[in-house]
Amino acid sequence: MTAGFAAAIALLSAPASAVTLPDDRAWMIRMITCKGNGVLMEVYLPQSVVFAPHGGMAAGKTADGYYTLDLTELNKGKDLEPVHVTMSADRKSVTVDQYTRGLPPTRIPVGGGTVDFDRRFGIGAKCGPFRAQDPNYGN
């Protein structure tokens, strides 16, 4: 017991310089926000994808990201799940594939629009434009 306590103290007293931050791929940026009936949905992508050279996410490419389903208003909490996000070849839509739950992929217009995510909570979700949080969006 004393050895465990000593190890815990040693870890807690490590200097700040010993702490490492995640690499660039781990930094996530919210790229899409959607509002449904009492729920909020968001899609996050890695900073390295969002700020990639030559205009960010490439046409026809897929990136791993995260999808949040905020059911706080319904007293059910907020889930975070991994998703695959694909930019269409014509750059007019992005597809969010919630592969861990076996749901059909959701196609969202880049300019925003009304879409259906899962059938329990995400029907008729109004989504804003993709990349709206990018500081260079619209430039």
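Up top is the structure these notes are about.
Notes on the structure follow. Computed from a predicted model, the values in this text were never measured in an experiment.

## A word on the pattern of salt bridges
Side chains that carry opposite charge are capable of pairing whenever their charged atoms lie near each other.
(1) Moving on: In this structure the tally under the stated criterion is 3 salt bridges.
(2) Moving on: Between Arg30 and Glu42 there is a salt bridge, with its nearest N and O atoms 3.3 Å apart. Placement of Arg30 in strand S1 (residues 28-35) and of Glu42 in strand S2 (residues 40-46) is noted, with a sequence separation of 12 residues between them.
(3) Moving on: Here Arg30 falls in the partly exposed class, since its relative accessible area comes to 31%.
(4) Moving on: A salt bridge links Glu81 to Arg101; the shortest N-O distance between them is 3.0 Å. Here the residue Glu81 occupies a position in strand S4 (residues 78-87), and Arg101 occupies one in the loop between strand S5 (93-97) and strand S6 (106-109), the gap between them amounting to 20 residues.
(5) Moving on: Among the charged side chains, a network of salt bridges with common partners joins Arg30, Glu42 and Lys78.

## Some thoughts on the pairing of S4
(1) Moving on: By the bridge criterion, 9 bridges tie strand S3 (residues 62-70) to S4 in an arrangement that is antiparallel. The residue of S4 that forms the bridge with Tyr67 is Glu81.
(2) Moving on: Bridge analysis of S4 against S5 gives 4 bridges, and the strand direction is antiparallel. Following the sheet pairing, Thr86 is matched in S5 by Thr95.
(3) Moving on: Joining the antiparallel neighbours S4 and S5 is a turn of 5 residues, in which Arg91 adopts a positive phi near 60°.

## Quick notes on the nonpolar core
(1) Moving on: The biggest cluster of nonpolar side chains holds 27 residues, and the ones touching the most others in it are Ile32, Met41, Leu45, Met57, Ile108, Phe117 and Phe130.
(2) Moving on: Residues contacting Met57, with those up to four places away along its chain left out, are Leu45, Val49, Thr62, Ala63, Val85, Thr86, Met87, Arg91, Phe130 and Arg131.

## Remarks on the state of the cysteines
(1) Moving on: Scanning all chains against the criterion turns up 1 disulfide.
(2) Moving on: With its sulfur 2.0 Å from that of its partner, Cys34 forms a disulfide with Cys127. Judged by the sign of its S-S torsion, about 105°, the bond between Cys34 and Cys127 is right-handed. Here Cys34, found in strand S1, pairs with Cys127, found in strand S8 (residues 125-127); they are 93 residues apart in sequence, far enough to count as distant.

## With respect to the sheet that holds S5
(1) Moving on: Taken in spatial order, the 8 strands make up an open sheet running S6-S5-S4-S3-S2-S1-S8-S7, and their pairing is antiparallel. Only two strands of the sheet have a single partner each, and these edge strands are S6 and strand S7 (113-115). Across the sheet, the mean angle separating the axes of adjacent strands is 35° when strand polarity is ignored.
(2) Moving on: Here S1 runs beside S2; their pairing, made up of 7 bridges, is antiparallel. When the bridges of S2 are listed, Thr33 appears paired with Glu42.

## Digging into unusual backbone geometry
(1) Moving on: Its identity is not glycine, yet Arg91 carries a phi of approximately 60°, on the positive side.
(2) Moving on: For Arg91, the location among the structural elements is in the loop between S4 and S5.

## What to know about the packing of aromatic side chains
(1) Moving on: Taken as a whole and assessed by the stated rule, the structure comprises 1 aromatic pair.
(2) Moving on: Judged by centre distance (5.2 Å) and plane angle (40°), the ring pair of Tyr67 and Phe117 falls under tilted. You can see Tyr67 sitting in strand S3 and its partner Phe117 sitting in the loop between S7 and S8, a full 50 residues away along the chain. The same class applies to Tyr67 and to Phe117, which are both buried.

What counts as what
- Residues numbered from 1 in each chain as written.
- Predicted model: local features only at pLDDT ≥ 70, side-chain atom pairs only at ≥ 80, totals over all residues.
- Heavy atoms only, no water.
- Salt bridge = Lys/Arg side-chain N within 4 Å of Asp/Glu carboxyl O.
- Helix = DSSP H or I, 4+ residues; strand = E, 2+ residues; numbered from the N terminus.
- Buried < 20%, exposed > 50% of the residue type's maximum accessible area, 1.4 Å probe, protein only.
- Pairing = 2+ DSSP bridges.
- Core = buried A, V, L, I, M, F, W, Y, C linked by side-chain atoms within 4.5 Å.
- Contact = heavy atoms within 4.5 Å.
- Disulfide = S-S within 2.5 Å.
- Axes fitted to C-alpha atoms, helices over the stretch in contact; angles between N-to-C directions.
- Phe/Tyr/Trp six-rings, centres within 6.5 Å; stacked < 30°, edge-to-face > 60°.

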